[in-house]
Amino acid sequence: MDLQPLGSVDATSLRWLRTAEKPIAFDLLAGDRPLATLRWRTGTGTLALARAASASWTLKRVGFLNPRVTLRAEGSTADLARLTVHLNYHRIEVPGGTAYRFHRAGVLLPAWKVTEESGREVLHVEPVRDGRKLVGGAVIAPAFAPALEAFLPLVLVSWYFITLAWFEDETLATLEGSDAPTPASAPPGRSG
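Throughout, a residue's number is its position along its own chain's written sequence, starting from 1. Residues qualify for local features only when their pLDDT is at least 70, as the model is predicted, and side-chain atom pairs are given and counted only at 80 or more; totals for whole chains, interfaces and linings, by contrast, use all residues. The side-chain quantities take in all heavy atoms of the structure and omit both hydrogens and water.

A.B. asks: Describe the overall build of the protein, listing the residues and the values that go with them.
C.D. replies: For the protein, the count of helices and strands is 1 helix and 12 strands. Helices and strands in the protein line up, N terminus first, as β-β-β-β-β-β-β-β-β-β-β-β-α. Here's how the labels work: a residue is buried when its accessible area is under 20% of the maximum for its type, exposed when over 50%, partly exposed in between, all with a 1.4 Å probe on protein chains only. The buried share among the 192 residues of the protein stands at 40%. The long-range fraction of contacts in the protein, counting pairs at least 24 apart against all pairs at least 6 apart in sequence, stands at 38%. What sets the accessible areas is the Shrake-Rupley method with a 1.4 Å probe; for residues, cover comes only from the shown protein chains. Taken as a whole, the protein presents about 10,800 Å² of accessible surface, with 55% of it coming from carbon and sulfur. Each helix is a run of H or I in the DSSP string that is no shorter than four residues. Each strand is a run of E no shorter than two, and both are numbered from the N terminus. The contact criterion used is simple: two residues touch if any of their non-hydrogen atoms lie within 4.5 Å.

Written out as C-alpha cells, the structure is:
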C-alpha cells in the first residue's frame, strides 16, 4: 500500500480504520487514500510503529506514576513529541517548545480534542466502536490545522493514547465477565 503525502489530500476529515487484530493495526485514511499506518510491534506491550509517506516513527508509553507517551523518529532516542498525563487534561509538546492541550470533548462524549494553549481547536478525534471493540475513529480538523508542522505527530500521538486507553478498558471488561446472568444467579423458574 502506497502512503500518500499529507499535502496531497484534504486532511480536514480523516478516519482511522482497524486493519489487524494481532498485533493491532490501524490505517489513517483520507477518503480511501492511505496516509499513515499505526501498528503495534507485538500482541502485548506498548511499542508501536507509525509510518507515513515522509517518515517512520516509534511510539511508546513509559512511566507508571507519571505516564507519558513518546513519539520518536524510528531508530532515534530523541523525542519528537511527548504527551504527559495530567489530572483533567493532558499536554502534548512538540519540537520548538509548542504545547497543546489534549482533553475530553465533553463529560458525556467519548471524543477528544487537541487545542492550542489559547483554546483554538486543532483536532477533534472521535472513536468508533462495535460493541466494546474499538474499530476506528474520525479525525476532524479546521482548515488551518493540516498546514501545521506538528499536525501528523498530533494525530498519531492522540490516536495512540486513545487506543491504549481503549484496550485497557477492553481488557478490564473481559475480566469483569459477561453481563448476562449465570445459571447460578438466574431467577428461579416456576415450579408446577
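A.B. asks: I'd like to hear about the packing of aromatic side chains, residue by residue, with values.
C.D. replies: Each pair of aromatic rings taken from Phe, Tyr and Trp, with Trp reduced to its six-membered ring, is defined by centres within 6.5 Å and is described as stacked if the planes are under 30 degrees apart, edge-to-face if over 60, and tilted in the remaining cases. Counting across every chain of the model gives 6 aromatic pairs. Pairing tryptophan 16 with tryptophan 159 gives two aromatic rings, centres 5.7 Å apart and planes at 10 degrees, and the pair type is stacked. Of this pair, tryptophan 16 sits in strand S1 (residues 13–20) while tryptophan 159 sits in helix H1 (residues 151–176), and the two are 143 residues apart along the sequence. Between phenylalanine 102 and tryptophan 112, the aromatic rings sit 4.8 Å apart at their centres with planes inclined by 20 degrees, giving stacked as the arrangement. In this pair, phenylalanine 102 is assigned in strand S9 (residues 99–104) and tryptophan 112 in strand S10 (residues 112–116), connecting sequence segments 10 residues apart. Tryptophan 112 carries the same exposure label as phenylalanine 102, and that label is buried. One aromatic cluster is present, built from ring pairs that chain together Trp16, Phe26 and Trp159. Our definition puts a charge over a ring when NZ of Lys or CZ of Arg is within 6 Å of the ring centre and also within 35 degrees of the ring normal. In this arrangement the basic side chain of arginine 101 is found over the ring face of tyrosine 89, its NZ or CZ atom lying 3.8 Å from the centre. The ring of phenylalanine 144 is capped by arginine 120, whose NZ or CZ atom sits 3.7 Å from the centre of that ring.

A.B. asks: Summarise the sheet that holds S10; cite the residues concerned and give the values.
C.D. replies: Only when DSSP finds a minimum of two bridges between them are two strands counted as paired. With antiparallel pairing, the 12 strands of this closed barrel are ordered in space as S1-S2-S3-S4-S5-S6-S7-S8-S9-S10-S11-S12. Neighbour-to-neighbour, the strand axes of this sheet turn through a mean angle of 20 degrees, independent of strand direction. Both strand S11 (residues 121–130) and strand S12 (residues 133–140) contribute to a ladder of 7 bridges, which runs antiparallel. Bridging from a neighbouring strand, proline 127 pairs with glycine 137 of S12. Lines fitted to C-alpha atoms define the axes here, with helix axes fitted over just the stretch in contact, and angles between the N-to-C directions of these axes take values from 0 to 180 degrees.

A.B. asks: Outline the environment of alanine 48, supporting the account with residue identities and numerical values.
C.D. replies: With respect to the helices and strands, the residue alanine 48 is situated in strand S4 (residues 48–52). Residue classification places alanine 48 among the buried positions, given a relative accessible area of 0%. C-alpha of alanine 48 to C-alpha of threonine 58: the two residues are 10 residues apart in sequence and 5.7 Å apart in space. If we ignore the near neighbours within four places in the chain, the residues touching alanine 48 are Leu38, Arg39, Trp40, Arg41, Trp57, Thr58, Leu59 and Tyr160.

A.B. asks: I'd like a rundown of unusual backbone geometry, residues and numbers included.
C.D. replies: With omega at -10 degrees, the peptide bond leading from lysine 22 into proline 23 counts as cis. Along the chain, proline 23 turns up in the loop between S1 and strand S2 (25–30).

A.B. asks: If you had to explain the nonpolar core to someone new, which residues and values would you point to?
C.D. replies: Core analysis: the biggest nonpolar cluster contains 48 residues, and Trp16, Leu38, Ile92 and Leu123 have the highest contact counts within it. If one sorts the elements of this core by residue count, H1 sits on top with 13 residues. Those residues within four positions of leucine 123 in sequence are excluded, and the remaining contacts are Trp112, Lys113, Val114, Val139, Ile140, Ala141, Phe151, Leu154, Val155 and Ser158. Here, nonpolar core means buried Ala, Val, Leu, Ile, Met, Phe, Trp, Tyr and Cys residues that are tied together by side-chain atoms lying within 4.5 Å of each other.

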